[in-house]
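This is what each chain is made of:
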Amino acid sequence: METKAIRGFNDVLPDEIGKWQFVEKTAREVFEGFGFSEIRIPILEKTELFTRGIGEATDIVEKEMYTFTDRSGNSLTLRPEATASMARAYLEHQMYAFDPVAKLYCMGPMFRYERPQKGRYRQFNQIDAEVFGVGNPMVDAEVIIMLIHFLEGVGMGNLELQLNSLGCRECRPRYREELKKFFAGKSAQLCEDCQRRLQTNPLRIFDCKVETCKEAIADAPRVIDFICPECQKHFDQVKEYLAMAGLTYVLNPRMVRGLDYYTRTAFEVVSYSLGAQNAVTGGGRYDNLFQEIGGLDIPGIGFAIGVERLISLLPKEKEFIQVPHLFVAALGEEGYREAYKLVNQLHLQGIRAELDYEGKSLKSQMRRADKLKVRYTLILGENELRQGRVVLRNMEDKSQEEVPIDGLSLLLRSKLLGH
Ligand SMILES: [Zn+2]
Ligand SMILES: [Zn+2]
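Scoring rules and cut-offs
- Within every chain, residues take consecutive numbers counted from 1 along the sequence as written.
- Lettering for chains starts from A, numbering for ligands starts from 1, and both go in the order in which the items are written.
- Whole-chain, interface and lining totals are the exception, using all residues; otherwise, since this is a predicted model, local features are given only for residues with pLDDT of at least 70 and side-chain atom pairs are given and counted only at 80 or more.
- Side-chain measures were taken over the full set of non-hydrogen atoms in the model, leaving aside hydrogen atoms and water.
- In this text, helices come from DSSP runs of H or I with a minimum length of four residues, and strands from runs of E with a minimum of two, each type numbered from the N-terminal end.
- This radius of gyration counts C-alpha atoms alone. The globule rule is 2.2 Å times how many residues there are, raised to the power 0.38.
- Working rule for contacts: check all heavy atoms of both residues, and any pair within 4.5 Å makes them a contact.
- Per-residue accessibility takes into account occlusion by the displayed protein chains alone, with areas from the Shrake-Rupley method and a 1.4 Å probe.
- Just so you know, the count uses Lys and Arg for positive and Asp and Glu for negative, and it drops His and the chain ends.
- Where a charge lies is defined by one atom per residue type, namely NZ (Lys), CZ (Arg), CG (Asp) and CD (Glu).
- What is meant by a nonpolar core is a set of buried Ala, Val, Leu, Ile, Met, Phe, Trp, Tyr and Cys residues, joined one to another through side-chain atoms within 4.5 Å.
- Whether a residue is buried, partly exposed or exposed follows from its accessible area with a 1.4 Å probe, protein chains only, as a fraction of its type maximum: under 20%, in between, or over 50%, in that order.
- Coordinating donors are taken as N, O and S atoms within 2.8 Å of the metal, stretched to 3.2 Å for Na, K and Ca; because water is absent from the atoms, sites can appear incomplete.
- Angular criteria define each label, namely tetrahedral for four donors with all angles between 85 and 135 degrees, square planar for four and octahedral for six donors with opposite donors over 155 degrees apart and remaining angles between 65 and 115, and irregular for whatever fails these tests.
- Only strands joined by at least two bridges in the DSSP assignment are considered to pair.
- All axes are obtained by fitting lines to C-alpha atoms, using only the stretch in contact for helices, and the reported angles, taken between N-to-C directions, cover 0 to 180 degrees.
- Here a crossing is taken to be left-handed if its near helix is turned anticlockwise relative to the far helix by less than a right angle, and right-handed if that turn runs clockwise.
- Side-chain classes are defined by residue name, with Ala, Val, Leu, Ile, Met, Phe, Trp, Tyr, Cys and Pro counting as nonpolar, Asp, Glu, Lys and Arg as charged, and the others, Gly among them, as polar.
- For a helix, the expected span equals 1.5 Å multiplied by the residue count minus one.
- Salt bridge criterion: a side-chain nitrogen from Lys or Arg within 4 Å of a carboxyl oxygen from Asp or Glu.

Draft legend 1. A look at the overall build of the protein chain. For the protein chain, the helix and strand inventory stands at 16 helices and 16 strands. Here the C-alpha atoms of the protein chain give a radius of gyration of 28 Å, more than 25% beyond the 22 Å that 2.2 N^0.38 yields for 419 residues. Its C-alpha atoms give the protein chain principal-axis dimensions of about 90 × 55 × 45 Å. Within the protein chain, contacts between residues separated by at least 24 positions form 69% of all contacts whose residues are at least 6 apart in sequence. When the accessible surface of the protein chain is summed, it comes to about 21600 Å², and 50% of that surface belongs to carbon and sulfur atoms. For the protein chain, the centre of its 56 positive side-chain charges and the centre of its 60 negative side-chain charges are spaced 3 Å apart.

Following this line, the structure appears as structure tokens:
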């Protein structure tokens, strides 16, 4: 057997985990500050939830889902995204009965059978935030403000907010027809996938990366020119609320979200901090999703952040690796017994102390302490211990002092934890 993970599935190793924990902690703090609560949803759902929620004619449902039949013959799917499941939970538990407005976030792995490439995985992680039950454009602005605040909180700079409106179920059919007509005239230019999309979901042609398709897209009609007065008013208000909060934005009429359920406000945040333009995350309003999955007419808006991608864009100078506070080096049997006792005490007080388990020489213990990048080493020699003292060595400036064992943990706490 080959000891290797499945292609597209990866490990996050201890030297990377600091970034993950930082991103997750910041998300919790920012979102909860905006009145959001965490929800945890299952990894598996009935396949139907996604085919109906995301839409049959999408890449996700057509070719990217991990779908299988369980032992009872049910078709199940590993969640490819979180919004449909969160909406399902809101309906199933009748959360609207308590309060029609639900502000929820969740984080965890999603699964899509995509071609693995650098930075893209088949099991990938998302942080999702959604507001259910409010159609007011004020909430569109609030969600966007929260997203920007979060991104700045993790250190992302040079951000640009891009906006578009995708219309609603009243006005979008008219645009679809217009788009069909337009692309039908360019059909020779379209790739095989887009030929099919032209029949099933012409909006998805905008997502195509094939060069000839991109050329065909260049002068396609813009959805913003076809939205109804209600959608226009909604969009104008979103822009006004963003301006009131001091946020600047640019309009991007070519932004069309790949999933069927999006309506009205669509947004994307791009970063220019690594030179080129990098899409960081996006989201939007989806006032049709609930009807697709459950029959109730409930508006929703939210965003999903790809965590792997976000982490790859984080500023490099930030130090995330967690090193032990202290190495305890011991000599002789008595030294080891003391070291063991002491390390246990320190752990209970939240001090990350490491010791040598193998009775190695002081020299090799110090080498390990260096490798672990600890700030201090405590040396427990038999002579010093007899006098009730130990040696504390500062690993940065190489200075050392003898300190009494009495009151040692107090001293270490103040040196290492600052309290
Ligand atoms: Zn409309
Ligand atoms: Zn194409």
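Draft legend 2. Main features of the nonpolar core. In terms of nonpolar packing, the biggest core is built from 97 residues, with Phe31, Phe132, Phe150 and Phe183 touching the most fellow members. With 9 residues, helix H6 (residues 137-153) is the largest single contributor of residues to this core. Among the nonpolar cores identified, the runner-up in size contains 20 residues, and Ala330, Ile351, Leu392 and Leu412 belong to it.

Draft legend 3. Geometry of helix H14 (residues 362-371). Within the span of H14, buried status applies to Ser364, Gln365, Met366 and Ala369. Buried positions along H14 lie against strand E12 (326-330), helix H13 (332-348), strand E14 (376-380) and strand E15 (389-394). Phi for Lys373, located one or two positions after H14, is positive at around 60 degrees.

Draft legend 4. Structural view of the coordination of the zinc ion (ligand 2). At 2.2 to 2.3 Å from the zinc ion (ligand 2) lie its protein donor atoms, namely Cys191 (SG), Cys194 (SG), Cys208 (SG) and Cys213 (SG). Taken together, the 4 donor atoms coordinating the zinc ion (ligand 2) and their angles of 106 to 113 degrees define a geometry best described as tetrahedral. Read from N- to C-terminus, the donor residues coordinating the zinc ion (ligand 2) fall into the pattern C-x2-C-x13-C-x4-C. With a gap of 17 residues between them, Cys191 in the loop between helix H7 (172-184) and helix H8 (192-200) and Cys208 in the loop between H8 and helix H9 (211-218) connect regions that are remote in the sequence. Accessibility classification places Cys191 together with Cys208 in one group, the buried group.

Draft legend 5. View of the coordination of the zinc ion (ligand 1). Protein-derived ligands of the zinc ion (ligand 1) are Cys168 (SG), Cys171 (SG), Cys228 (SG) and Cys231 (SG), with the metal-ligand distances lying across 2.3 Å. Coordination at the zinc ion (ligand 1) comes from 4 donor atoms whose angles at the metal span 101 to 117 degrees, giving a geometry best classed as tetrahedral. For the zinc ion (ligand 1), the single-chain donor residues occur in sequence as C-x2-C-x56-C-x2-C. Here Cys168, found in the loop between strand E7 (159-165) and H7, pairs with Cys228, found in the loop between H9 and helix H10 (229-244); they are 60 residues apart in sequence, far enough to count as distant. Classification of Cys168 as buried rests on a relative accessible area of 13%.

Draft legend 6. The arrangement of the sheet that holds strand E2 (residues 44-46) in detail. In spatial order, the strands read E2-E4-E3; together these 3 strands make up an open sheet with antiparallel pairing. Strand pairing shows two members of the sheet lacking a second neighbour, E2 and strand E3 (67-69), which therefore form its edges. Shown here is a sheet whose adjacent strand axes are inclined to one another by a mean of 35 degrees, direction ignored. Where helix H2 (residues 47-54) meets the sheet, it contacts E2, E3 and strand E4 (75-78), and its direction lies at approximately 75 degrees from that of E2.

Draft legend 7. Expanded view of the sheet that holds strand E10 (residues 278-285). Across the sheet, which stays open at both edges, the 8 strands sit in the order E1-E5-E6-E11-E10-E9-E7-E8 with mixed pairing between neighbours. At either margin of the open sheet sits one strand with a lone partner, and together these are strand E1 (37-38) and strand E8 (250-251). Looking at chain direction, E1 and strand E5 (residues 102-111) are connected through 2 bridges and run parallel. Paired with Ser37 across the strands is Leu104, a residue of E5. Of the strands in this sheet, E1, E5, strand E6 (123-132) and strand E11 (300-306) are in contact with helix H1 (residues 14-33), which crosses E5 at around 160 degrees. Set on the sheet, H6 makes contact with E5, E6, E7, strand E9 (263-271), E10 and E11; between it and E11 the angle comes to about 15 degrees.

Draft legend 8. The packing of H1 against H6, seen in detail. Contact pair H1 / H6: the axes reach a minimum separation of 10 Å and the direction vectors enclose 145 degrees. The interaxial crossing formed by H1 with H6 has right-handed handedness. Residues Phe22, Val23, Thr26, Ala27, Val30 and Phe31 of H1 pack against Met146, His149, Phe150 and Gly153 of H6. Looking at the contact of H1 with H6, its residues break down into 7 nonpolar, 3 polar and no charged.

Draft legend 9. H1, seen in detail. Here H1 spans 29 Å end to end across 20 residues, near enough to the 28 Å set by a 1.5 Å rise per residue. What H1 keeps buried is the set Gly18, Trp20, Val23, Thr26, Ala27, Val30 and Phe31. Positive phi shows up at Gly35, right after H1, with a value of about 85 degrees.

Draft legend 10. Just the pattern of salt bridges, in detail. The final tally for this structure, using the stated rule, is 27 salt bridges. For Asp59, the salt bridge goes to Lys63, with nearest N and O atoms at 3.9 Å. Placement of both Asp59 and Lys63 in helix H3 (residues 59-64) is noted, with a separation of 4 residues, approximately one turn of the helix. Residue class for Lys63 comes out partly exposed when judged on its relative accessible area of 43%. Put simply, Arg285 and Asp287 hold a salt bridge, and the shortest N to O gap is 3.0 Å. The pair formed by Arg285 and Asp287 is uniform in burial state, with each residue classed as buried.

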